[in-house]
Amino acid sequence: MSCLQTIADYGLRSVGIGERLLPKTDFTLCQQFTLIGSGLIWNIYFALFALLLGFGLAVGLALARNSAIVWISKPAAWFIFVFRGSPLFIQFFLFYEAFTLLPKNGIELNLGFTILTAETRWLTRAAAGALIVLFLNTSAYTGEIFYGALRSVPKGDLEAAEAYGFSGWTKFRRITFPTMLRLGWPAYTNESIFLTHATTLVFFSSFPAWQQKGDALYYANYLADKTFNPFIPYPILAFYFILLSLGIILAYGRVYRHLNRHLPQDKRPRLRARPQMVR
């Protein structure tokens, strides 16, 4: 079988397209790259949508925590504390058990319509359930980053904006929000890299992917078990995630340069990614 045929057969297997049966013997390097790359589709899906959705909630959490109104700031602070204070791995299991056991025990969540029922299964699938956990987790971490950046906005900038007649939404849109992003963007870049790496934890959680487990670590683990050689599939998996990390650094670096475009060329800070060894 040629490498192009292997890619055609297994390139989209993780989303239910192509060969349903995995190869059993005679694994080629092309097959290993293709299968693990196929599973990477799920990791990209989790990271992309968790970051996109989490960004909006994180901005809201940062603004809420910075509010002078206690009943607004305290819930935001506790939300951030709970999700930052508990392990992500434990959050996966807690949410899965909640999505599975609560409907079975006749407990329904009603917000004008029934969300959880005994017949509802979509929340227990990785495409929805695991994404919700990652979305809430990164929202808490990013919210804390943006809160710190919001508190660090120079008062002189705000006073100058008021002197120019800016107030309310105009001051926030043109001064506070862009400055908050500039100050928090390097740390947010690291959070995005960490979340992308954390998508591999979905393999160990109880959430199954659509039709088959299918994420990159699933295929790397399968190949390591079948070949009794972990020194090929796991480095391939690491290689893919290194490429994803480089892609994030390049994309976020362009955004960072855009955020600092008003500064003189010699004073524009460079984005330096410093991946956290311990979160």
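Calculation criteria
Residues numbered from 1 in each chain as written. Predicted model: local features only at pLDDT ≥ 70, side-chain atom pairs only at ≥ 80, totals over all residues. Heavy atoms only, no water. Helix = DSSP H or I, 4+ residues; strand = E, 2+ residues; numbered from the N terminus. Buried < 20%, exposed > 50% of the residue type's maximum accessible area, 1.4 Å probe, protein only. Contact = heavy atoms within 4.5 Å. Areas by Shrake-Rupley, 256 points an atom, 1.4 Å probe, with all protein chains shown as cover. Core = buried A, V, L, I, M, F, W, Y, C linked by side-chain atoms within 4.5 Å. Expected span 1.5 Å × (residues − 1). Bend = angle between axes of the 7 residues up to and from the residue. Disulfide = S-S within 2.5 Å. pLDDT = per-residue confidence, 0-100. Axes fitted to C-alpha atoms, helices over the stretch in contact; angles between N-to-C directions. Left-handed = near helix turned anticlockwise from the far one by under 90°. Nonpolar A, V, L, I, M, F, W, Y, C, P; charged D, E, K, R; others polar. Parallel < 35°, antiparallel > 145°, perpendicular 65-115°, else oblique.

Q: Which residues make up the overall build of the chain, and what are the values?
A: In terms of helices and strands, the chain carries nine helices and zero strands. N-terminal to C-terminal, the α/β element order of the chain is α-α-α-α-α-α-α-α-α. Counting the 279 residues in the chain, one finds 42% classified as buried. In the chain, of all internal contacts separated by at least 6 residues, the share reaching a separation of at least 24 is 74%. Counting every atom, the chain has about 15600 Å² of accessible surface; 64% of that belongs to carbon and sulfur.

Q: Could you give an account of the environment of Gly-148, with specific residues and numbers?
A: Positionally, Gly-148 belongs in helix H5 (residues 126-151). Using a relative accessible area of 30% as the deciding quantity, one classes Gly-148 as partly exposed. Spatially, the C-alpha atoms of Gly-148 and Leu-183 are 8.8 Å apart, while their sequence positions differ by 35 residues.

Q: Just give me the short version of the nonpolar core, but keep the residues and values in it.
A: By size, the foremost hydrophobic cluster in this structure holds 35 residues, and its most contacted members are Phe-46, Phe-92, Leu-134, Phe-146 and Phe-207. At the level of elements, helix H2 (29-65), helix H4 (88-104), H5, helix H7 (169-198) and helix H9 (233-259) are the ones that each hand at least two residues to this core. Sort the elements by how many residues they give to this core and H5 lands first, with 10 residues. Beyond its immediate stretch of four places on either side in the chain, Phe-46 contacts Ala-126, Ala-127, Ala-130, Leu-131, Leu-134, Thr-199 and Val-202. With 16 residues, the next largest nonpolar core counts Leu-22, Phe-27, Leu-40 and Leu-217 among its residues.

Q: Give me H7: which residues, what numbers.
A: Over its 30 residues, H7 runs only 36 Å from end to end, short of the ideal 44 Å by more than 12%, given 1.5 Å per residue. Trp-185 marks where H7 bends most, by close to 55°; the proline Pro-186 follows one to four residues later.

Q: Tell me about the state of the cysteines, and please be specific about residues and values.
A: Under the definition given, this model contains one disulfide. Here Cys-3 pairs with Cys-30 through a disulfide, and the sulfurs are 2.1 Å apart. On the sign convention where negative is left-handed, the bridge of Cys-3 and Cys-30, at about 85° about the S-S bond, is right-handed. One end of the pair, Cys-3, is in helix H1 (residues 3-10); the other, Cys-30, is in helix H2, and 27 residues separate them in sequence. For Cys-30, a relative accessible area of 18% puts it in the buried group.

Q: How would you summarise the side chain of Thr-34 if you had to cite specific residues and measurements?
A: Mapped onto the elements of the fold, Thr-34 is located in helix H2. By relative accessible area, which is 9% here, Thr-34 ends up buried. Once you skip the residues sitting within four places of it in the chain, Thr-34 turns out to touch Thr-6, Ile-7, Tyr-10 and Gly-11.

Q: Mind laying out the confidence of the model for the chain, listing which residues take part and the relevant values?
A: Mean pLDDT for the chain: 88, with 86% of residues reaching 70 or above. At the level of individual helices and strands, the chain shows its lowest average pLDDT in H4, which scores 85, and its highest in helix H3 (residues 70-85), which scores 97.

Q: Explain the packing of H3 against H5 residue by residue, including any values.
A: Contact geometry for H3 and H5: axes closest at 8 Å, N-to-C directions at 115°. Where H3 crosses over H5, the two elements pack in a sense that is left-handed. Counting all contacts with H3, which are made through Phe-79, Ile-80, Phe-83 and Arg-84, the residues of H5 involved are Leu-136, Asn-137, Ala-140, Tyr-141, Gly-143 and Glu-144. Considering only residue class, the contact of H3 with H5 consists of six nonpolar, two polar and two charged.

Q: Any chance you could break down H9 for me, citing the residues and the numbers?
A: With 27 residues, H9 should cover 39 Å at 1.5 Å per step; its first-to-last C-alpha distance of 39 Å lies within 8% of that length. Residues Pro-233, Ile-236, Leu-237, Tyr-240, Phe-241, Ser-245, Ile-248, Tyr-252, Gly-253, Tyr-256 and Leu-259 constitute the buried set of H9. Among the structural elements, H2, H7 and helix H8 (216-227) are those in contact with the buried residues of H9.

Q: An account of the packing of H8 against H9 is needed here, citing residue identities and associated values.
A: Where H8 meets H9, the axes come as close as 8 Å, and the angle between the chain directions of the two elements is 160°. Accordingly, the angle class assigned to the pair H8 and H9 is roughly antiparallel. By crossing handedness, the relation of H8 to H9 is classed as right-handed. Taking contact as the criterion, the partners of Ala-216, Leu-217, Ala-220, Asn-221, Leu-223 and Ala-224 in H8 are, on H9, Pro-233, Tyr-234 and Leu-237. Here the residues of the contact of H8 with H9 are counted per class, giving eight nonpolar, one polar and no charged.

Q: Let's hear about unusual backbone geometry: which residues, and what values?
A: Unlike most non-glycine residues, Asp-26 shows phi in positive territory, near 55°. Positive phi outside glycine occurs at Phe-228, with the angle close to 55°. Counting through the fold element by element, Phe-228 comes out in the loop between H8 and H9. Phe-228 gets classed as exposed once you look at its relative accessible area, which sits at 74%.

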